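Architecture and fold: a report
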Amino acid sequence: MMINRILILCLFLLGFYGLMVQKNLVKKVFALSIQNSAVILLFIVEGSRIGDHAPILSEDRVRYVDPIPQALMLTAIVVGICVTALALALVYRLYQKYESLNVEEIQRKANNE
Amino acid sequence: MNSENLIVIQIILPLSGAALCFVSKMMKSQTLQRLIDWFAAFLGLFVPLGLLFFLYPAVSQHPIQFYVGNQHPLIGIELRFDGVSWLLNVMGFITAATSWLYSRTAGPHTPEFSALFLIQTFALTATASSADLFNLFVCFEILGIASYALTAFSGKGRAFMAAFSYMAVSSTAMAIFLIGVFGVYRITGALSYDGIARYITTITTEAQIVGLGLSLVCIVIATAVRVAILPVYGWLPEAHATAPHAISAVLSGVLIKVPLFALGRFLFLLMSNVSAIDIVFKEILDVLKLSGTLTALVAVIFALSQRDVKRLLAYHSISQIGYVVSAWAIASPMAIAAAWMHAFYHALFKGLLFLSVGTVIDASGSKDVYTIRGAYKVGLIPTIAFFVGALSISAFPPFNGFASKAAIFYLHKGSWEYIILSIASVGTIASMIKLSRMFIPEGKSAKARPEYNPNILVLKPVTGFWLKVSLVIFALACVMGGLFSKEMGRLAGLLVGTETNPVPTHLFTLNSIKGTLSLLAQGVLLYLFVISLPGKYITHKIETRQPSFAGLLFAFSLGIGLLGTLVLLRH
């Protein structure tokens, strides 16, 4: 169980690192997405601690996963997609305007406007 | 109709307005399009204001709590509409409706703009009454997504970049928020505020206390990013400075405060049950109080150094939110009432300032405080509006800022926060004097200067009925808010559950006028220092310091690290 958490933490930090260090705006959007996925994985993995069957009510008593984290993550995934879509739209407009995806170059050009 | 239905209708109306705006996009006729837009805004912004009036009698008795659609508590969405929600909605709808009116003259006019604007307003009211951590997360995200898009609406390259940085920082913060939610759910097994409050009293083991403390740290810091206090305010100035003026008014006026009070509804409910984790709450609130007080001072120094008029105002928003947080973190009902009063009054005068300065920017084509001259030529109403706003923010009697700042100072009387906030007030006055330079008539010497641009200085009187109406509404609200501040204080006090009025009884006395005059004198001195040579050197150094992308995220992780370590060290 511990190894799962460590891997998820690594994934999250990878996203954070990418967002901070990558110069390319599209890669920054990837990093955002990775961060989000790490959190989703955390919820799903931890939700399966009490059982490993799909949460469908049936006659025989099986140990199914905690359904609440799964339900929450459906929403979180949708929200994540909205953020990614908006981010890509912004990147596209920035590229149209400055013909570059490099964040430093864009900031330099924007400040000279 | 019962009050539960009224609340649901009040939340849904802005959303239906947004849907109507998209319908209006399909209309071929311009007139029909505008008509539907107006109807949508009326439905989504003005009708809910009326509904609030009918909700008051019920809310003033006790909070209204229910599950939407009478669903089973396990699966339903719980809403809790209490006094604070009512107050937040009043602030949100008044500011949003007036700013929307302004946008009818100054733009953007497109239906998409109105739709996004209404979605943002919807998220505001939903945030104000959510009673469930996950629901709060979703509301924050909707609020965020709408505001990123609205920031970018001015179509300038800088606005896109500002929206992108805002989004990157705030999405990271929301991921951390979710981790916090996860921690709370894992330990208490509940997501609704009530459920968490019930389980929190049973927590005794050290591991659980630390775990819950760290989860709360995640939630608090993630919300602090939205509230924009030290050290995580870096995204705000650029975003608020590049957004369309009407949006800047709403962003600065309402959007940074609603998350703060929504967090308060959660934290203070948990604190009302005695539990082993109480000490963690105290620590977190102490840190927030410290951070808020310092924010008030640091941001005003930055404000004083800006050339760009909208950036100057944006830094002022950070500084004023510092006042609000410093009062809010005391966490007594009276402090919350005082914090709300300042938040509301700030929404009014900052809205007024952003809109009137925005009018001048549009008329002159420049944003530089040193280039714009003779701004009074834009007309009598914007000029008066500007000065009402400037006097309010500098806390001159009888304007509203005077009353709410007096309430906050009254809370801090005798503590070190009092001194820091007083220094910040001097800075506010000095930077407002700097901003008022725009209204100095252009001298002959200006034309001789090499950077003189004749095109910039051709200022024409602005026309536009709705622009003037919105300015008049805000200006009247500032004056009335000041004159009837005691009544407002009593109302706010009653709704958060205290009989004491946060506004001191003796407000307009000779002593207070003396105090204001001495602050004014200090402000003038500070201003004279800023325009002197060494002052110019220092302010230029501060102004050119722009937060980089990595810096924003670094500040965020620093905040989380520091607060987390504090909680860990104490246990």
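Residues numbered from 1 in each chain as written. Chains lettered and ligands numbered in written order. Predicted model: local features only at pLDDT ≥ 70, side-chain atom pairs only at ≥ 80, totals over all residues.

Digging into the overall build of chain A
Within chain A, the regular secondary structure consists of 4 helices and 0 strands. Reading the secondary structure of chain A in the N-to-C direction produces α-α-α-α. In summary, chain A has a C-alpha radius of gyration of 19 Å against a globular reference of 13 Å for 113 residues, an excess of more than 25%. Per-residue burial for chain A yields a buried fraction of 29% across its 113 residues. (Helix = DSSP H or I, 4+ residues; strand = E, 2+ residues; numbered from the N terminus. Rg over C-alpha atoms; globule rule 2.2 N^0.38 Å. Buried ≥ 20, exposed ≤ 12 C-beta atoms within 10 Å, placed from the backbone.)

Description of the overall build of chain B
Counting its secondary structure elements, chain B contains 23 helices and 2 strands. For 571 residues, the compact-globule estimate of 2.2 N^0.38 gives 25 Å, and chain B sits close to it at 23 Å. Its C-alpha atoms give chain B principal-axis dimensions of roughly 75 × 60 × 50 Å. By residue count, 57% of the 571 residues in chain B fall in the buried class. The contacts of chain B with a sequence gap of at least 6 include a subset with a gap of at least 24, amounting to 81%. (Contact = placed C-beta atoms within 7 Å.)

What about the packing of helix H12 (residues 278-305) of chain B against helix H17 (residues 416-436) of chain B?
All names here are of chain B. Relative to each other, H12 and H17 sit at 20°, their axes nearing to 9 Å. Our classification of the angle between H12 and H17 gives roughly parallel. Once H12 is placed against H17, the crossing between them reads as left-handed. Facing Thr 293, Ala 296, Leu 297, Val 300, Ile 301, Ala 303 and Leu 304 of H12, the residues of H17 in contact are Glu 417, Ile 420, Leu 421, Ile 423, Ala 424, Gly 427, Thr 428, Ala 430, Ser 431 and Lys 434. Class assignment for the residues of the contact of H12 with H17 results in 11 nonpolar, 4 polar and 2 charged. (Axes fitted to C-alpha atoms, helices over the stretch in contact; angles between N-to-C directions. Parallel < 35°, antiparallel > 145°, perpendicular 65-115°, else oblique. Left-handed = near helix turned anticlockwise from the far one by under 90°. Nonpolar A, V, L, I, M, F, W, Y, C, P; charged D, E, K, R; others polar.)

What about the nonpolar core?
The nonpolar side chains of a soluble globular protein tend to be buried, and buried together. All names here are of chain B. Phe 137, Ala 163, Phe 177, Leu 178, Trp 340 and Leu 352 are the most contacted members of the largest nonpolar core, which has 240 residues in total. No other element matches helix H6 (residues 157-188), which puts 22 residues into this core. Ignoring sequence-local partners within four residues, the contact set of Trp 340 consists of Leu 87, Phe 261 and Ala 492. (Core = buried A, V, L, I, M, F, W, Y, C linked by C-beta atoms within 7 Å.)

Some remarks on helix H2 (residues 30-61) of chain B
All names here are of chain B. Compared with the 46 Å implied by 1.5 Å per residue over 32 residues, the 47 Å span of H2 between its first and last C-alpha is a close match. Of all the bends in H2, the greatest, near 45°, is centred on Leu 55, and the proline Pro 57 appears no more than four residues after it. All buried positions along H2 are accounted for by Ile 36, Asp 37, Ala 40, Ala 41, Gly 44, Leu 45, Pro 48, Leu 52 and Val 59. (Expected span 1.5 Å × (residues − 1). Bend = angle between axes of the 7 residues up to and from the residue.)

Side note on the packing of helix H13 (residues 309-328) of chain B against helix H14 (residues 333-364) of chain B
All names here are of chain B. For the pair H13 and H14, interaxial distance at closest approach is 9 Å and the crossing angle is 175°. Considered as vectors, H13 and H14 are oriented roughly antiparallel to each other. Here Val 309, Lys 310, Leu 313, Ser 317, Gln 320, Tyr 323, Val 324, Ala 327 and Trp 328 of H13 come into contact with H14, specifically with Ala 335, Ile 336, Ala 338, Ala 339, His 342, Ala 343, His 346, Lys 350, Leu 353, Phe 354, Val 357 and Ile 361. Considered class by class, the residues forming the contact of H13 with H14 number 15 nonpolar, 4 polar and 2 charged.

Side note on the interface of chain B and chain A
Facing the 25 residues of chain B at the interface are 30 residues of chain A. Secondary-structure elements contributing two or more residues to the side of chain B that touches chain A are helix H5 (133-151), H6 and helix H23 (549-570) of chain B. The greatest single-element share of the side of chain B that touches chain A, amounting to 15 residues, is contributed by H6 of chain B. Tallied by class, the residues present in the side of chain B that touches chain A amount to 19 nonpolar, 3 polar and 3 charged.

What about the pairing of strand E1 (residues 64-67) of chain B?
All names here are of chain B. The side-chain alternation of E1 yields one buried face, formed by Ile 64 and Phe 66, and one unburied face, formed by Gln 65 and Tyr 67. Across 4 bridges, E1 lies against strand E2 (residues 78-81) in antiparallel orientation. Paired with Phe 66 across the bridge in E2 is Leu 79. (Pairing = 2+ DSSP bridges.)

Notes on unusual backbone geometry
Residue and element names in this part refer to chain B. Backbone torsion omega between Leu 230 and Pro 231 reads -5°, so that peptide bond is classified as cis. Here Pro 231 is to be found in the loop between helix H8 (206-227) and helix H9 (236-242). Here the residue pair Pro 397 and Pro 398 is connected by a cis peptide bond, since its omega of 0° sits within 30 degrees of zero. Within the secondary structure layout, Pro 398 lies in the loop between helix H15 (380-393) and helix H16 (400-412). For Asn 70, which is not glycine, the phi dihedral falls at a positive 50°. Within the fold, Asn 70 resides in the loop between E1 and E2.

Considerations on the environment of Phe 349 of chain B
Its place among the elements puts Phe 349 of chain B in helix H14. The class for Phe 349 of chain B is buried, based on 29 C-beta atoms found within 10 Å.

Some thoughts on the confidence of the model for chain B
In the predicted model, chain B carries a mean pLDDT of 89, and 97% of its residues have values of at least 70. Among the prediction metrics, the complex's ipTM stands at 0.94, with pTM recorded as 0.94. (pLDDT = per-residue confidence, 0-100.)

Details of H14 of chain B
The terminal C-alpha atoms of H14 of chain B, which comprises 32 residues, lie 46 Å apart, in line with the 46 Å expected from a rise of 1.5 Å per residue. Counting buried positions along H14 of chain B gives 29 out of 32 residues, so the element sits mostly inside the fold.

Focus on the environment of Leu 421 of chain B
Residues and elements named next belong to chain B. The residue Leu 421 is located in helix H17 in this model. Take Leu 421: there are 23 C-beta atoms within 10 Å of it, and that puts it in the buried class. Aside from chain neighbours lying at most four places away, what touches Leu 421 is Thr 293, Ala 296, Tyr 323, Ser 326, Phe 409 and His 412.

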